[in-house]
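An overview of the molecular structure
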Amino acid sequence: MPLAAAQKQAIEEVVNAITTATVSKGKRLLSAMFMSLVDPKEWPEYYEIIPDPRCINNIRTTLEKNRYRAALDAYTDLSLVFWNALYYNEAGSQIALDAETLKRLLETEWKKRPILPSPRTSPPPRSAQKVHKTEEEESSPPPEKPAGPPAATHAAVASTKHTTPIIPTTIPAANGASANHHVSNGRTAPRLSSPEEEVDIGSVADLQVHVPTERDAASEEIIRHLDKSLPRWPGFFEEGWTGNIKISYMDIVHAIKSHKDVIGNRYAFVLESVPERAEIPYLSLNTPLSLKSIESRARTKDYSTPRDFDTDFLQLFTKARRWHDPGSDAYGHVLLLQRLYQALTSKEPPHGPPYSSSTNFASLRAGPGAFDPDPSTGVTSDHVPTKDRKFVDLHHYKGWAITVGDWVHLSNPDYPSLPTIGQVHKCWVAEERSRKGQHGVTVCWYFRPEQTHHTSDRTFMEGEVFKTSHFAEHPLEDILEKVACQPAVDSCHGRPRAPYWHPGFPLYVCESRYDSGSRTFVKIKDWSSCMPEESRQSVPIYPFERVVPPRRLPSPFVGKGKNGAKASGGLIGGSIVPSSRVTHIIPISTSASNATTAMDRSILSGSGLTLGNNAQQEKLPPETTNHFDRDPETDEVLWFAAPPINVAPAPVPKHSLAYLHFLAKKRKVGAESSPSAKKVRTTPF
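Small disclaimer: the values here were computed from a predicted structure and weren't measured.

Attention now moves to the pairing of strand β6 (residues 407-410). Neither face of β6 is exposed, since W407 and H409 on one face and V408 and L410 on the opposite face are all buried. In the sheet, β6 pairs with strand β7 (residues 420-430) via 4 bridges, with the strands oriented antiparallel. Note that in β7 the partner of V408 across the bridge is G422. As judged from the 4 bridges shared by β6 and strand β12 (residues 479-487), these two strands associate in the antiparallel manner.

Let's shift gears to the packing of helix α9 (residues 249-258) against helix α12 (residues 306-323). Their axes nearest at 12 Å, the elements α9 and α12 cross at an angle of 15 degrees. Accordingly, the angle class assigned to the pair α9 and α12 is roughly parallel. The handedness of the crossing between α9 and α12 is right-handed. The residues of α12 that touch α9, namely those facing Y249, I252, V253 and I256, are P306, F309 and F313. Residue composition of the contact of α9 with α12, grouped by class: 7 nonpolar, no polar and no charged.

What follows concerns the environment of W428. In this fold, W428 is placed in strand β7. Judged by relative accessible area, W428 falls into the buried class, the value being 0%. Through-space distance from the C-alpha of W428 to that of D393 is 8.3 Å; in sequence the pair is 35 residues apart. In terms of polar contacts, W428 uses its side chain to reach the side chain of T442, at 3.0 Å.

This next bit is on the packing of aromatic side chains. Tallied over the full model, the rule gives 25 aromatic pairs. When the ring of Y303 is compared with that of F309, the centres are 5.3 Å apart and the planes differ by 85 degrees; the resulting orientation is edge-to-face. Like Y303, the residue F309 is buried in the burial classification. Ring geometry for F317 and Y341: centres 5.8 Å apart, planes at 55 degrees, overall tilted. You can see F317 sitting in helix α12 and its partner Y341 sitting in helix α13 (residues 329-344), a full 24 residues away along the chain. Accessibility expressed as a relative area gives 0% for Y341, which makes it buried. Taken together through their ring pairs, the aromatic side chains of Y249, Y303, F309, F313, F317 and Y341 make up a single cluster. The ring of F391 is capped by K426, whose NZ or CZ atom sits 4.9 Å from the centre of that ring.

Summed over all chains, the structure comprises 5 cavities of 30 Å³ or more. By volume, the second largest cavity is sized at about 50 Å³. Lining the second largest cavity are Y75, S79, W83, K103, L106, E107, R120, T121, S122 and P124. Counting residues per element, the ones that place at least two in the lining of the second largest cavity are α4 (71-88) and α5 (94-111).

Moving on: the pattern of salt bridges. Under the counting rule described, the total for this entry stands at 29 salt bridges. Between E100 and R104 there is a salt bridge; the shortest N-O distance is 3.7 Å. Separated by 4 residues within a single helix, E100 and R104 lie in helix α5, roughly one turn from each other. When its relative accessible area of 3% is taken as the criterion, E100 is described as buried. Measuring nitrogen to oxygen at the nearest pair gives 3.0 Å for the salt bridge that ties D227 to R495. Here D227 is found in helix α8 (residues 217-229), whereas its partner R495 is found in strand β13 (residues 494-496), with 268 residues between them in sequence. By relative accessible area, which is 10% here, D227 ends up buried. Take R495: its relative accessible area is 16%, and that puts it in the buried class. A cluster of three or more residues bridged by salt bridges with shared partners is formed by E13, E109, K112 and R113.

Our next topic: the pairing of strand β5 (residues 400-403). A two-sided burial pattern is seen for β5, the buried positions comprising W400 and I402 on one face and A401 and T403 on the other. Relative to β5, strand β4 (residues 394-397) runs antiparallel, the two being bridged by 4 bridges. Counterpart to H396 in the pairing with β5 is A401.

Rules used throughout
Residues numbered from 1 in each chain as written. Predicted model: local features only at pLDDT ≥ 70, side-chain atom pairs only at ≥ 80, totals over all residues. Heavy atoms only, no water. Buried < 20%, exposed > 50% of the residue type's maximum accessible area, 1.4 Å probe, protein only. Helix = DSSP H or I, 4+ residues; strand = E, 2+ residues; numbered from the N terminus. Pairing = 2+ DSSP bridges. Axes fitted to C-alpha atoms, helices over the stretch in contact; angles between N-to-C directions. Parallel < 35°, antiparallel > 145°, perpendicular 65-115°, else oblique. Left-handed = near helix turned anticlockwise from the far one by under 90°. Contact = heavy atoms within 4.5 Å. Nonpolar A, V, L, I, M, F, W, Y, C, P; charged D, E, K, R; others polar. Polar contact = N/O pair within 3.5 Å; in protein donor to acceptor, adjacent residues only side chain to side chain. Phe/Tyr/Trp six-rings, centres within 6.5 Å; stacked < 30°, edge-to-face > 60°. Lys NZ or Arg CZ within 6 Å of the ring centre and 35° of its normal. 1 Å grid on protein atoms, 1.4 Å probe; cavity = no way out; pocket = protein on both sides within 12 Å on 5 of 7 lines; lining within 4 Å. Points joined across faces, edges and corners; volume = space filled by probe spheres on them. Salt bridge = Lys/Arg side-chain N within 4 Å of Asp/Glu carboxyl O.

Interpretation note: all reported values are geometric properties and have no functional meaning in isolation.
Set out below in structure tokens:
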């Protein structure tokens, strides 16, 4: 009797989770080496040592043809794929690491589905571990790192992107009403007070006294448990989509697919690497969608309205933002392509093709921390402008309802992978002649740690940002997505209630103001004073089971801070900096006479040449300089004409000790049974 339909579907979901799991920022599928059987011509000894070879493609075919009679039979076959790889390959090799990762993923995904029977964790009876009676006969290998079958070298393991959607449950509110009462299909609800917030819970600094740098596992589990139970994002709003696109659909698709940086790197791979059927946690848009499918529909003129085309592209960008790690280059490429797309679908699209921009298509010429704080520069002001604009209650844009008090990610002209964080203080329609009718928002910028100047011994809370006095006017095209930010003290006690935040969306915390002129931090005593006048009510929270202390992180310019090379801030003071990842150090003295003068290390200076009157010098754009290391003192790009000579050779794949022991025993038995071994000398000495 074949499997029940529900069990078959559950197993298919498990197989899909395994085949779509990726590492190295979404660029490499973990399952690639396990999809087909090992080539018997290239690896004949594999079939001598492995009693029961298996591969994912054959298992999937068997499942599709309803040939499995029991769910555990399918589990045994899937686990054999990875047990075989673990036995054949050297422990610690990339294939073994991948196999161990996928074996653990198989166990996790299988146990998530109650309809499937409990699996065994020890090797199956027909595994090489059992047949050859290795020391691992009755216990699983230690969960160090992953594993896989024979073959080529892989990139280093990062973090897998898998998991099936979690069905949220309703948490009772303090007044007995359902928490879902506040959700209205993504609309901005009135800001209500919360009984959970009326308790004096002290300051975050008080919590740090007895709290280690690394948050304990129990706290992490509390956060995960709450997030799983919260209402999911209901999806895009019904209004705000483009009704008239001036550029043809195929031209837009081509512009996105062919866009390159100044050195010829193509960006569209960050969209193409997102699986069409990727299961992304907490995402309400899990229908099959890819850049290829959008291109196919556009080519066959399958889009009946501009809104359908617009919706598909924004859903694709949403998937890609969640798929790639925030702050990574791939994540930045997604945001840049989204900003390009929003420019192409605006009322006044840019000239092209090809389409290029010195500001990564952002409307402002500089982002947080990368400009002179003098208001006369025109990037920001120290107040909310009111001249030549009509204020409105809200804007609808690309499926978002943007109103006063909302937090948003905005396109960063300097570093796309670090989107500008801002809170909306005004929504307006321009009335001045040069931009009459333009819709936009005035936001207060919040700086990230890497956009501030601070001492090397300063630590930051995870996700911490700082309120500034910089107000900037952005057109709606600069808005990438809605996010959330809460007072640091509240973050220790719970999560913002829907619709202010949904699991999966970026969530920041704020405790202090930052003055970019004096480069000082001041703790905020009254959070309501930071809010727009129209939105000063406290945001209700879903409470944790207990106080969860914040995780403290070192300065992004010290140690292994991953965004140090992309920062517009730096270190101040005379502290010793233990890392070469510092972007630049500001001297203590502000006088010109005491400032450190950087040595001119340009090629022209070194060669003794001078530029003529007609010569031109150009600076490398940020998207190019971000790929190179910088001098820790001058912040200059370090350029080398050739790679280092002494390069360590790549390690050669090796077999496991179990397999080598098997070969030794085989040779020994063969030697003992050969005719020459049977000749015994009988003549006495």
